[in-house]
Amino acid sequence: MNNNISMKPSFVLLFSIRLHNSFKGFGTLPPDISPLSSDQTSRYLAQLGTFETRLLGKKFYETKRLTRLPLGRIMLHEQSQESPTYADVYLLTHKSGAALWEVWLYAPLQPFNVARWIHWLDPEAPNSLVAQVWNTLGTVNKTITGKSLWRGQYFPITLLQTQSNSLQNILEMHGADLIRQLFLDHSHKPLKSRVVTEELSRDYCSREGGLTLLGRKSGLDVRVNEDISDGMHGEEFPSNSTLPFLITIELLLLERMALTHLYEHLSNRMPSSIEELLTLKQETLNALEEYYGAITNATHFSDAVTTDGERLLGLNDLYDAVMDRLEVVSFTITTRYQNQMTLVGFWLTVIFGATEIGFIASGIAAWYYHTELFSVLAWTILPTIVTAIFLWLILRKKVQ
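Residues numbered from 1 in each chain as written. Predicted model: local features only at pLDDT ≥ 70, side-chain atom pairs only at ≥ 80, totals over all residues. Heavy atoms only, no water.

**What about the packing of helix 5 (residues 167-183) against helix 6 (residues 193-201)?**
What describes two packed helices is the angle between their axes and the distance between those same axes.
Okay, so step 1: Across the interface, helix 5 lies against helix 6 with an axial gap of 10 Å and an inter-helix angle of 80°. In terms of orientation, helix 5 and helix 6 fall into the roughly perpendicular class. Contacts from Leu171, Gly175, Ala176, Ile179, Leu182 and Phe183 of helix 5 reach helix 6 at Val195, Val196, Glu199 and Leu200.
Okay, so step 2: In terms of residue class, the contact of helix 5 with helix 6 is made up of 8 nonpolar, 1 polar and 1 charged. (Axes fitted to C-alpha atoms, helices over the stretch in contact; angles between N-to-C directions. Helix = DSSP H or I, 4+ residues; strand = E, 2+ residues; numbered from the N terminus. Parallel < 35°, antiparallel > 145°, perpendicular 65-115°, else oblique. Contact = heavy atoms within 4.5 Å. Nonpolar A, V, L, I, M, F, W, Y, C, P; charged D, E, K, R; others polar.)

**Looking at helix 6**
Okay, so step 1: Listed as buried for helix 6 are Val196, Glu199 and Leu200. Buried residues of helix 6 fall within an arc of 95° about the axis and therefore sit on the same side. Exposed residues pointing more than 90 degrees away from the buried face of helix 6 are listed as Thr197 and Ser201. (Buried < 20%, exposed > 50% of the residue type's maximum accessible area, 1.4 Å probe, protein only. Arc of directions from axis to C-beta.)

**What about the nonpolar core?**
Okay, so step 1: Counting residues in each nonpolar core, the largest one holds 48 residues, and the members touching the most others are Leu13, Leu91, Trp101, Val103, Leu105 and Leu137.
Okay, so step 2: Ranked by size, the runner-up nonpolar core spans 44 residues in total, among them Val12, Tyr86, Leu313 and Leu318. (Core = buried A, V, L, I, M, F, W, Y, C linked by side-chain atoms within 4.5 Å.)

**Focus on unusual backbone geometry**
Okay, so step 1: Backbone geometry places leucine 184, a non-glycine residue, at a positive phi of 50°.
Okay, so step 2: Examined against the element boundaries, leucine 184 turns out to sit in the loop between helix 5 and helix 6.

**Some remarks on the pairing of strand 4 (residues 86-94)**
Okay, so step 1: Among the 9 residues in strand 4, 9 count as buried, and that is most of the element.
Okay, so step 2: Burial along strand 4 is two-sided: the residues Tyr86, Asp88, Tyr90, Leu92 and His94 and Ala87, Val89, Leu91 and Thr93 are all buried.
Okay, so step 3: Bridge count between strand 3 (residues 66-75) and strand 4: 9 bridges; the pairing is antiparallel. Note that in strand 4 the partner of arginine 73 across the bridge is aspartate 88. (Pairing = 2+ DSSP bridges.)

**Section: the pattern of salt bridges**
Okay, so step 1: On inspection of all chains with the given rule, the structure shows 8 salt bridges.
Okay, so step 2: Across the pair glutamate 198 and arginine 194 runs a salt bridge, and its minimum N-O distance is 3.7 Å. Placement of the pair is glutamate 198 and arginine 194 together in helix 6, with a separation of 4 residues, close to one helical turn.
Okay, so step 3: Here glutamate 199 makes a salt bridge to arginine 202, at a shortest N to O gap of 2.9 Å.
Okay, so step 4: Each of Glu52, Arg68, Glu102 and Glu250 takes part in salt bridges that share partners, so that together they form one network. (Salt bridge = Lys/Arg side-chain N within 4 Å of Asp/Glu carboxyl O.)

That's the geometry; what it means functionally is another story.
The following block contains the structure:
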């Protein structure tokens, strides 16, 4: 591997979760999470807010459907001089309850080495950066979700910046390594050149000196001739050029979290009343409209990322599954309503048929026994009961 190329890597770790309905905030934080400075928080939120407004539209942004909350900073065990020393954590929430942990890791300038970066992002490695972050973050996650583990997919994004070399030179020397990073591929066996070429051709970046790739397991963004100076007083901020890609991926992950919840809700809970079924169907349609409205706004700037992202993250299949379950709910609504109407008609037939026979019998009895009230009542009640039983026996099998 040619180590003449130096890169400044940053990583965004995204964890899909679902909040408790009662979530109002983090409460008391564990001692190993320190608060972020107000200046850093304000600057970061303003930076993200600017791009969310451009991407989603001012009207959507101002409705506050999305909220980004700063959690704090987690100090990491320094594995080497190249590894990040801390993780800045934010929580991105949607009013539906879908949410994402957004964890920023900044590493210093270092030689190009994807094997090291892939190890850092491996959630199965006990000493990886992901494992370190979650050892602390899991406590807070259990408080706000009831689960110590994240729900849904862990999705990292690698951001690489360099001031030297052209993008073409980097691709010539390390194109295959960049695809390994995108795949989070631990294998040392080389990838086929065809695979490398195909993946590099799916570059979503329209700017010179930039490369943006999206895979099933992660995202990758490379920027050449970027300012890679260290942040002042340990405070660093993402490059503006990477934020549209990040925001689009976050929207897709939130959409998937919402669809997953809807599917599980429709699969595991079938309300007993028509009113509950109608309410559930309306809630589902509102949620689908909400998320597809957001994605439609986002595609004004990132059609290709959104389209491919929905395919790679399985959103199209998940959406179809939700709609299939919704059809089951609709069928159940119709079937139960028809059954109820059939039962109503059945009992009305039995009641009115038996009552009519009783009236006829009472008229005949009154003519014969006009002075004997007991006999008239007996002739009225007995034929009514016998007729009701007879009608019930005849119509029962047809109703069933």
